[in-house]
Amino acid sequence: MSSIADPIASSPAAEAKAAKTKAVAPAITLPAAGERELRLDLFRGLALWLIFIDHLPTNLLTWLTIRNYGFSDATEIFIFISGYTAAFVYGRAMLEAGFTIATARVLRRVWQIYVAHVFLFTIFLAEISYVATSFENPLYTEEMGIMDFLKQPDVTIVQALLLRFRPVNMDVLPLYIVLMLFLPLILWLMKWKPDVTLGLSVLLYALTWQFDLYLSAYPNGVWAFNPFAWQLLFVFGAWCALGGARRMSHILASPITMWICIAYLVAAFFVTLTWHVPQLGHVMPKIIEQWMYPINKTDLDVLRFAHFLALAALTVRFLPKDWPGLKSPWLRPLILCGQHSLEIFCLGVFLAFAGHFVLAEVSGGAVLHALISVCGILIMWGMAWIISWYKHSADKGASRTKGAGGNADLAGGGA
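Because the structure is a prediction, the values reported are computed rather than measured.

Conventions used here
Residues numbered from 1 in each chain as written. Predicted model: local features only at pLDDT ≥ 70, side-chain atom pairs only at ≥ 80, totals over all residues. Heavy atoms only, no water. Salt bridge = Lys/Arg side-chain N within 4 Å of Asp/Glu carboxyl O. Helix = DSSP H or I, 4+ residues; strand = E, 2+ residues; numbered from the N terminus. Buried < 20%, exposed > 50% of the residue type's maximum accessible area, 1.4 Å probe, protein only. Contact = heavy atoms within 4.5 Å. Phe/Tyr/Trp six-rings, centres within 6.5 Å; stacked < 30°, edge-to-face > 60°. Lys NZ or Arg CZ within 6 Å of the ring centre and 35° of its normal. Axes fitted to C-alpha atoms, helices over the stretch in contact; angles between N-to-C directions. Parallel < 35°, antiparallel > 145°, perpendicular 65-115°, else oblique. Left-handed = near helix turned anticlockwise from the far one by under 90°. Nonpolar A, V, L, I, M, F, W, Y, C, P; charged D, E, K, R; others polar.

Draft legend 1. Seen up close, the pattern of salt bridges. Applying the stated rule across the entire model yields ten salt bridges. A salt bridge links D41 to R44; the shortest N-O distance between them is 2.9 Å. Of this pair, D41 and R44 are both found in helix α3 (residues 38–55), three residues apart, which corresponds to roughly one turn of the helix. Residue class for D41 comes out buried when judged on its relative accessible area of 0%.

Draft legend 2. Structural detail: the environment of Q231. Tracing the sequence through the fold places Q231 in helix α12 (residues 227–247). Separated by 55 residues in sequence, Q231 and Y176 have C-alpha atoms that sit 9.3 Å apart. If we skip the residues at most four places from it in the chain, Q231 touches L179, S201, L204 and Y205.

Draft legend 3. Representation of the packing of aromatic side chains in the model. Counted by the stated rule, this structure contains 20 aromatic pairs. An aromatic cluster of at least three residues, connected via ring pairs, comprises F80, Y84, F236, W239, F305 and F308. Its end group placed over the ring of F88, R92 keeps NZ or CZ at 5.8 Å from the ring centre.

Draft legend 4. Highlighting the packing of helix α14 (residues 255–276) against helix α16 (residues 302–318). One can describe the packing of α14 onto α16 by two numbers: an axis separation of 9 Å at closest approach and a directional angle of 130°. By the angle between their directions, the pair α14 and α16 is classed as oblique. Regarding α14 and α16, the two cross each other, and that crossing is left-handed. Counted together, P255, M258, C261, I262, Y264, L265 and A268 of α14 and L303, A306, H307, A310, L311, A313, L314, R317 and F318 of α16 form the full contact between these two elements. Partitioning the contact of α14 with α16 into residue classes produces 14 nonpolar, one polar and one charged.

This is a description of form; function is not addressed.
In structure tokens:
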């Protein structure tokens, strides 16, 4: 049976218009404007807390971090979400305002992150130097990697500004700065062919392992997080944000995918168990050990990447974006920290050394370890609450500055 609409729908003019619309449709898709993924804020905040705890000496709460139960850790969560949120914000700017405007906005954000890194570097050096001098303990300067700064401050400052010299625990922001510098190119390529862009990222990752590509650090060594390898996680996050996750939904919903992820996570757990219980070392077949070790964090070992993918797939499956718990006041501290991650990350680095100093100077056992960890988390939460209050209440013009230009907090909170 035909209707009066059939001739119109099949007319040459209608077909030509449909073909033209299809031809100009962008290759990437974005969620509706103003839509916020609280899951990203939640897990970014969780990553910040876990990074802080992992930067402290081993204590009771350390056993709650994911690095003790698998191959990946909070760094993978942080970089993936950073790529996702940056693409979410600046991808929209790329589509609506064009390459030049989007690039200008990205570079402005890169500059903000760079200034924060330099500021953190200065404060961190002052903190370590003050403690080492006041307590006459030069081991702090050696342990935190600033001995070269004290020997040649003029040369070291220049190297620090070039992101080649970094004290201990200050490797994440330089990595993110480099990745963000290439975000305009990544978005431009994804606007053309997102799957090809992800394929090029995988190719660069493979070439990094094949030809040992790296960035050198001062005074010797290499970057703790090789940007040539870690870009894969960042680009994959951007690809997911720009429609890749939606296209993978049927794969993620498959029971086969779920059981593969569970099996891999269980296997990874038993492997890490042999690290903590030496008596179980004989259980691992030698041929598997020779193939698997070392599990390289600097170059983002494929086992670490696969472990993160398994965790992410199960999270997406069992924690939907409309989960009512995301509105729970119990999760509000994590979400607040995730929404202001640049400030909270910098604060966490500062607090981690302060906690390290207290634990080195005062013998308080497991109770003091746990107390310092909890106090650091509470301080991070309190700072996130103050920043949020200021931006939404004290700064009356904040809402007028947030628009098509992109929400900097959403774009990673700066980190």
